[in-house]
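Residue-level structure breakdown
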Amino acid sequence: MPYNSPFEAGLTARGAVLGALGDVRIALHYGDPAKEASALRMGAGLIDLAWRGVIEMTGRDRARFLHGMCTNDIKKLL
């Protein structure tokens, strides 16, 4: 199933050159590697890795099960 990143519009608005990784469009670069490195050193970066996989849990005890498997407080996410 193709993955469309919710960040794609924002990435292209900031000058990202997008390319395909399988059936996923990802930001390959922004043109100037030195500027990219400087921006990361001076600020922050975001990497969308949601395309790597999604877990769908069903069943009555799914929240309790996930809460026991993760360090996040799953019950607060529901």
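Criteria and cut-off values
- Residues numbered from 1 in each chain as written.
- Predicted model: local features only at pLDDT ≥ 70, side-chain atom pairs only at ≥ 80, totals over all residues.
- Heavy atoms only, no water.
- Helix = DSSP H or I, 4+ residues; strand = E, 2+ residues; numbered from the N terminus.
- Rg over C-alpha atoms; globule rule 2.2 N^0.38 Å.
- Buried < 20%, exposed > 50% of the residue type's maximum accessible area, 1.4 Å probe, protein only.
- Contact = heavy atoms within 4.5 Å.
- Areas by Shrake-Rupley, 256 points an atom, 1.4 Å probe, with all protein chains shown as cover.
- Lys, Arg positive; Asp, Glu negative; His and termini not counted.
- Charge placed at Lys NZ, Arg CZ, Asp CG, Glu CD.
- Pairing = 2+ DSSP bridges.
- Salt bridge = Lys/Arg side-chain N within 4 Å of Asp/Glu carboxyl O.
- pLDDT = per-residue confidence, 0-100.

Moving on: the overall build of the protein chain. Along its length, the protein chain carries four helices and two strands. Counting from the amino terminus, the protein chain carries its helices and strands in the arrangement α-β-β-α-α-α. The C-alpha radius of gyration computed for the protein chain amounts to 17 Å, which surpasses the reference 12 Å derived for 78 residues by more than 25%, pointing to a less compact arrangement than a globule. Each principal axis of the C-alpha atoms in the protein chain carries an extent, and together these give about 50 × 30 × 15 Å. Expressed as a percentage of the 78 residues in the protein chain, the buried residues total 12%. Sequence separation of at least 24 residues holds for 21% of the intrachain contacts in the protein chain that already meet a minimum separation of 6. Entry remark: accessible area of the protein chain is about 6700 Å², with carbon and sulfur atoms responsible for 58%. Averaging the locations of the 10 positively and 8 negatively charged side chains of the protein chain gives two centres separated by 7 Å.

Glancing now at the pairing of strand β2 (residues 24-29). Pairing geometry for strand β1 (residues 17-21) and β2, over five bridges, is antiparallel. Counted as the bridge partner of Gly19 is Ile26 from β2. A loop of two residues connects β1 with β2, the two strands running antiparallel in sequence, and Gly22 in this loop sits at a positive phi of about 70 degrees.

Time to look at the pattern of salt bridges. Per the stated rule, a full pass over the model turns up two salt bridges. Here Arg25 makes a salt bridge to Glu8, at a shortest N to O gap of 3.2 Å. Pair noted here: Arg25 is in strand β2 and Glu8 is in helix α1 (residues 8-13), with a separation of 17 residues, a long-range link. Classification of Arg25 as partly exposed rests on a relative accessible area of 43%. Accessibility expressed as a relative area gives 21% for Glu8, which makes it partly exposed.

A separate point is the environment of Lys35. Relative to the helices and strands, Lys35 resides in helix α2 (residues 33-42). By relative accessible area, Lys35 is classed as exposed at 61%.

Once that is clear, we can look at the confidence of the model for the protein chain. Here the protein chain averages 84 in pLDDT, and 96% of its residues register 70 or above. The secondary-structure element of the protein chain with the lowest mean pLDDT is helix α4 (residues 74-77), recorded at 76, while α2 shows the highest, at 92.

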